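Residue strings, one per chain:
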Amino acid sequence: MNDPNKEKTKSACDTCSSSTCSAAKPQAGENQKEFEERRQLLSRLCHIRHKIIVLSGKGGVGKSTVAVNLAAALMLAGKSVGLLDVDIHGPSIPTMLGLEDEIIQKDDDGMIPIELGDLKVMSIGFMLRNPDDAIIWRGPLKMGIIKQFLKDVSWGELDYLIIDSPPGTGDEPLSVCQLIGDLDGAIVVTTPQKVAAVDVRKSITFCRHLQVNILGVVENMSGFVCPKCGEVTPIFSTGGGKQIAESMHVPFLGSIPTDPKIGQASDSGQVFIHKYTESPTAEIMRQIIKPILGLDSDNLKP
Ligand code: ADP
């Protein structure tokens, strides 16, 4: 009997002539089912030129905000972009983009991302009937859901896929990095205070263990933009992210201030960099993405 999944995987990989691809043959210790699942995942992701994961040592530092605005900035720069939210405990992308009521459609090829202009969006939040579901799931169940989710989304051809990871350095971000495998690199988001230093060091060490290239550190909520005059006041200490980046010899991409307009845009389901494109904070974000845009022009990948 025909297994439709098997056929799909076969046809996607059959068009590829690469003999060095890790999907070409089973890995040591991998059974047939695991091999086919991995192959199915890789055959989806190989049509994406650049895959970038956004990490943070803990929640609430602006990881999703950076992921959304990075994806939108790349799209506004003319790239075809996918935004994948795998933050299983706090999938905030549907709210940030005003997509809470969307119902994901499926076709023979899998789940179809929601399209916002040239931005394709998929969130694990679309699969959680109740946002509290993930809290009570055991580890293996969570990993299974993350894996199935990654495997089932039909992205098509993309220049960039931006992945909003679960926070921290535990099993969940580990699984995401391992399953995606062929990442261009990670952006690590932190806040400027010294207490965040421990977390950002952990995230950098995590990437090094997994041999994930670190594209750079972003310091978010660095100073406060006065909504009246636009002046930026340092309310906490600043520069912590930059110091750590320097001391751990990774690039520093820039500092984004706390800007009330970012919160307003996100609460109303709009993308800050699109809505407030003329603002100084939007310009800071565009500077931050420059090295990421460079990945495509450098043609680091075929
Ligand atoms: P994380 O993904 O790390 O949990 P979020 O991106 O969801 O964090 O951000 C948490 C909250 O902080 C959101 O309400 C978001 O709008 C707000 N926020 C993030 N960065 C900024 C910023 N630079 N200025 C103002 N609000 C921000």
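Details of the structure are given in the entry above.
All of these numbers come straight from a predicted model, not from anything done at the bench.

Draft legend 1. How the structure looks around the nonpolar core. Grouped together as the largest cluster of nonpolar side chains are 84 residues, with contacts concentrated most on Leu83, Met122, Ile162, Ile163 and Ile292. By residue number, the principal contributor to this core is helix α3 (residues 63–76), which donates nine residues. Apart from the residues lying within four places of it in its own chain, the contact partners of Ile163 are Lys51, Ile52, Ile53, Val54, Leu84, Val86, Val176, Ile180 and Leu183.

Draft legend 2. Fine view of unusual backbone geometry. A positive phi angle is found at Met221, which is not glycine, with a value near 60 degrees. Relative to the elements of secondary structure, Met221 occurs in strand β9 (residues 214–225). Using a relative accessible area of 30% as the deciding quantity, one classes Met221 as partly exposed. Look at His249: it is not a glycine, yet its phi comes out positive at around 55 degrees. By secondary structure assignment, the location of His249 is in the loop between α9 (240–247) and β11 (252–258).

Draft legend 3. Layout of the packing of helix α6 (residues 139–152) against helix α7 (residues 171–180). Across the interface, α6 lies against α7 with an axial gap of 10 Å and an inter-helix angle of 30 degrees. Here the hand of the crossing between α6 and α7 comes out right-handed. Within the contact between the two elements, α6 uses Lys142, Met143, Ile146, Lys147 and Leu150 and α7 uses Asp171, Glu172, Ser175, Val176, Leu179 and Ile180. Across the contact of α6 with α7, the residue classes tally to six nonpolar, one polar and four charged.

Draft legend 4. How the structure looks around the pattern of salt bridges. This model, assessed by the stated rule, comprises 13 salt bridges. For Asp87, the salt bridge is made with Lys63, and the minimal N-O distance between the two is 3.2 Å. Taken together, the residues span a long stretch of sequence, with Asp87 in the loop between β2 (81–85) and α4 (93–96) and Lys63 in helix α3 at a distance of 24 residues. A relative accessible area of 5% places Lys63 in the buried class. Asp296 is the partner of Lys79 in a salt bridge, and the nearest nitrogen-oxygen pair spans 2.8 Å. Here Lys79 is found in the loop between α3 and β2, whereas its partner Asp296 is found in helix α12 (residues 280–297), with 217 residues between them in sequence. Exposure remark for Lys79: the relative accessible area of 19% places this residue in the buried category.

Thresholds applied
Residues numbered from 1 in each chain as written. Predicted model: local features only at pLDDT ≥ 70, side-chain atom pairs only at ≥ 80, totals over all residues. Heavy atoms only, no water. Core = buried A, V, L, I, M, F, W, Y, C linked by side-chain atoms within 4.5 Å. Buried < 20%, exposed > 50% of the residue type's maximum accessible area, 1.4 Å probe, protein only. Helix = DSSP H or I, 4+ residues; strand = E, 2+ residues; numbered from the N terminus. Contact = heavy atoms within 4.5 Å. Axes fitted to C-alpha atoms, helices over the stretch in contact; angles between N-to-C directions. Left-handed = near helix turned anticlockwise from the far one by under 90°. Nonpolar A, V, L, I, M, F, W, Y, C, P; charged D, E, K, R; others polar. Salt bridge = Lys/Arg side-chain N within 4 Å of Asp/Glu carboxyl O.

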